[in-house]
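# Structural features, examined
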Amino acid sequence: MFRKTISLVFLFVLFSANAKQNDSIAKIDSTSNNLKFNYKQLIIPSVLIGYGVIGIGNDQLLSFNRQIRAEVKEDIDEKITIDDFSQYAPAASVYALNAFGVEGKNNMRDRSVIFATSYIIMATTVLSLKSIVHEERPDGSSNNSFPSGHTATAFAGAEFLYQEYKDKSIWYGIAGYAVATGTGLFRIYNNRHWLTDVAAGAGIGILSTKIAYWINPYITKKLFKSDSENKSTSMIMPFYNGQQYGLGFAKVF
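Since the structure is predicted, the reported quantities are computational estimates derived from the model, not experimental observations.

Rules and cut-offs
- Residues numbered from 1 in each chain as written.
- Predicted model: local features only at pLDDT ≥ 70, side-chain atom pairs only at ≥ 80, totals over all residues.
- Heavy atoms only, no water.
- Helix = DSSP H or I, 4+ residues; strand = E, 2+ residues; numbered from the N terminus.
- Expected span 1.5 Å × (residues − 1).
- Buried < 20%, exposed > 50% of the residue type's maximum accessible area, 1.4 Å probe, protein only.
- Salt bridge = Lys/Arg side-chain N within 4 Å of Asp/Glu carboxyl O.
- Polar contact = N/O pair within 3.5 Å; in protein donor to acceptor, adjacent residues only side chain to side chain.
- Contact = heavy atoms within 4.5 Å.
- Axes fitted to C-alpha atoms, helices over the stretch in contact; angles between N-to-C directions.
- Nonpolar A, V, L, I, M, F, W, Y, C, P; charged D, E, K, R; others polar.
- Phe/Tyr/Trp six-rings, centres within 6.5 Å; stacked < 30°, edge-to-face > 60°.
- Lys NZ or Arg CZ within 6 Å of the ring centre and 35° of its normal.
- pLDDT = per-residue confidence, 0-100.
- Parallel < 35°, antiparallel > 145°, perpendicular 65-115°, else oblique.

## Thoughts on helix α8 (residues 170-189)
Spanning 20 residues, α8 covers 28 Å between terminal C-alpha atoms, matching the ideal 28 Å at 1.5 Å per step. Looking at α8, one finds that the buried residues are Ile170, Gly173, Gly176, Tyr177, Ala180, Thr181, Thr183, Gly184, Leu185, Arg187 and Ile188. Immediately downstream of α8, the backbone of asparagine 191 shows phi near 60 degrees, a positive value.

Right under this line is the structure:
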């Protein structure tokens, strides 16, 4: 059963990559480097979130969750905590690539604002749902299982990496989504989340970053003066310690 789940998620990665190739031919606003709204971009995150939400009260999906947990407990002897770190890898890759001279779509300031906006949207949504739903984790450790925050963080970063570097190579996005998918699988592997938690987290992460790109021109216009007037550089980086989200901010004048 767990192998079937891995296969399904792998197919999702391939489907996402194909869908994103189609997205790349969408029109871009001539006055902005950011993503232009297209309702088709809502399909994948909506399906994932919908699956997770429906699964909260659907007997068949709940039974499927329990079957996966039983397979995990039977076949896996020890936990691997790589998901505590891999959740940050896609987003960190954006800054690492830029540091090595591979320029992305936006400059440091704009990409940092976009990512901070995405992170705020994602964290607010995840923490709100956790406090409302009160779903018990598979290991019984707490009642904040839905949705998966680690998975949401990873997929928000994967979409961020894709959007910044899709014009360089589609493989950057594929790599980011592969890492994000692995993070979600390890949340199931470590008996910390149900499949529905992971699916919803993935959808929330993707959608949060898309929204951040859509609204960034407005936010940038409100927060910053023109480039000729503003010589400072800002960087905003998030953190998540397993229980709390936060943001770090640095500004160079």
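Having seen the model, we can carry on.
## A few points about the pattern of salt bridges
A full pass over the atoms with the stated rule returns 5 salt bridges. Taking the shortest distance from any N to any O, the salt bridge between glutamate 164 and arginine 111 comes out at 3.9 Å. Of this pair, glutamate 164 sits in helix α7 (residues 149-165) while arginine 111 sits in helix α6 (residues 108-133), and the two are 53 residues apart along the sequence. Per residue, the accessibility class of glutamate 164 equals that of arginine 111, and both read buried. Its salt-bridge partner being aspartate 139, residue arginine 192 comes within 3.0 Å of it at the nearest N-O pair. Residue arginine 192 is found in the loop between α8 and α9 (195-223), and its partner aspartate 139 is found in the loop between α6 and α7; the two are separated by 53 residues along the sequence.

## Points about the side chain of serine 145
Along the chain, serine 145 turns up in the loop between α6 and α7. A distance of 2.4 Å separates the side chain of serine 145 from the side chain of aspartate 197, its partner in a polar contact. For serine 145, the contacting residues outside a window of four places in its chain are Lys130, Glu135, Glu136, Arg137, Pro138, Arg192, His193, Trp194 and Asp197.

## Quick look at the environment of serine 169
By the element assignment, serine 169 lies in the loop between α7 and α8. A distance of 3.2 Å separates a polar atom in the side chain of serine 169 from the backbone nitrogen of tryptophan 171.

## Re the packing of helix α5 (residues 89-99) against α7
Packed helices, taken two at a time, are described by their axes: the angle between them and the distance between them. At a closest axis distance of 6 Å, the pairing of α5 and α7 adopts a crossing angle of 30 degrees. Facing Pro90, Ala91, Ser93, Val94, Tyr95, Leu97 and Asn98 of α5, the residues of α7 in contact are Ala154, Gly157, Ala158, Phe160, Leu161, Glu164 and Tyr165. A class-by-class count of the residues in the contact of α5 with α7 yields 10 nonpolar, 3 polar and 1 charged.

## Observations concerning the packing of aromatic side chains
Here a ring pair, both rings aromatic, is described through the centre-centre distance and the interplanar angle of the planes. In the structure shown here, the tally under the stated rule is 7 aromatic pairs. Between the aromatic rings of phenylalanine 155 and tyrosine 177, the centroid separation amounts to 5.6 Å while the plane-to-plane angle is 75 degrees, which identifies the pairing as edge-to-face. Of the two residues, phenylalanine 155 sits in helix α7 while tyrosine 177 sits in helix α8, which places them 22 residues apart along the sequence. Each member of the pair, phenylalanine 155 as well as tyrosine 177, is classed as buried. Seen in terms of ring centroids, phenylalanine 186 and tyrosine 189 are 5.5 Å apart; in terms of plane orientation they differ by 65 degrees. Their pairing is edge-to-face. Within this pair, phenylalanine 186 and its partner tyrosine 189 are both found in helix α8, separated by 3 residues, close to a single helical turn. Through a chain of ring-to-ring contacts, three or more aromatic side chains come together here, namely Tyr95, Phe115, Tyr119 and Phe160. Over the face of the ring belonging to phenylalanine 224 we find arginine 109, whose NZ or CZ atom lies 4.5 Å from the ring centre.

## Some details on the environment of threonine 220
Relative to the elements of secondary structure, threonine 220 occurs in helix α9. Measuring from C-alpha to C-alpha, the distance between threonine 220 and isoleucine 114 comes to 9.1 Å, with 106 residues separating the pair along the chain.

## With respect to the side chain of threonine 209
Summarising the element assignment, threonine 209 is placed in helix α9. Beyond its immediate sequence surroundings of up to four residues, threonine 209 is in contact with Ser118, Ala156, Glu159 and Phe160.

## Digging into the confidence of the model for the chain
Per-residue confidence for the chain gives a mean pLDDT of 83, with 75% of residues at or over 70. When mean pLDDT is taken per element in the chain, α7 scores highest with 98 and helix α1 (residues 2-23) scores lowest with 44. Overall, residues 1-32 carries pLDDT values under 50, and its contacts beyond four positions in sequence, including any with other chains, amount to 42 contacts.

## Things to note about the packing of α7 against α8
It is the contact of α7 with α8, at a shortest axis distance of 8 Å, that shows an interaxial angle of 175 degrees. Considered as vectors, α7 and α8 are oriented roughly antiparallel to each other. Counting all contacts with α7, which are made through His150, Thr151, Ala154, Phe155, Ala158, Glu159, Leu161, Tyr162 and Tyr165, the residues of α8 involved are Ile170, Tyr172, Gly173, Gly176, Tyr177, Ala180, Thr181, Thr183, Gly184 and Arg187. Per-class residue counts for the contact of α7 with α8 are 10 nonpolar, 7 polar and 2 charged.

## Things to note about unusual backbone geometry
Residue proline 147 follows phenylalanine 146 across a cis peptide bond; omega there is -10 degrees. The phi torsion at histidine 134 lies on the positive side, around 55 degrees, for a residue other than glycine. Note that histidine 134 resides in the loop between α6 and α7.

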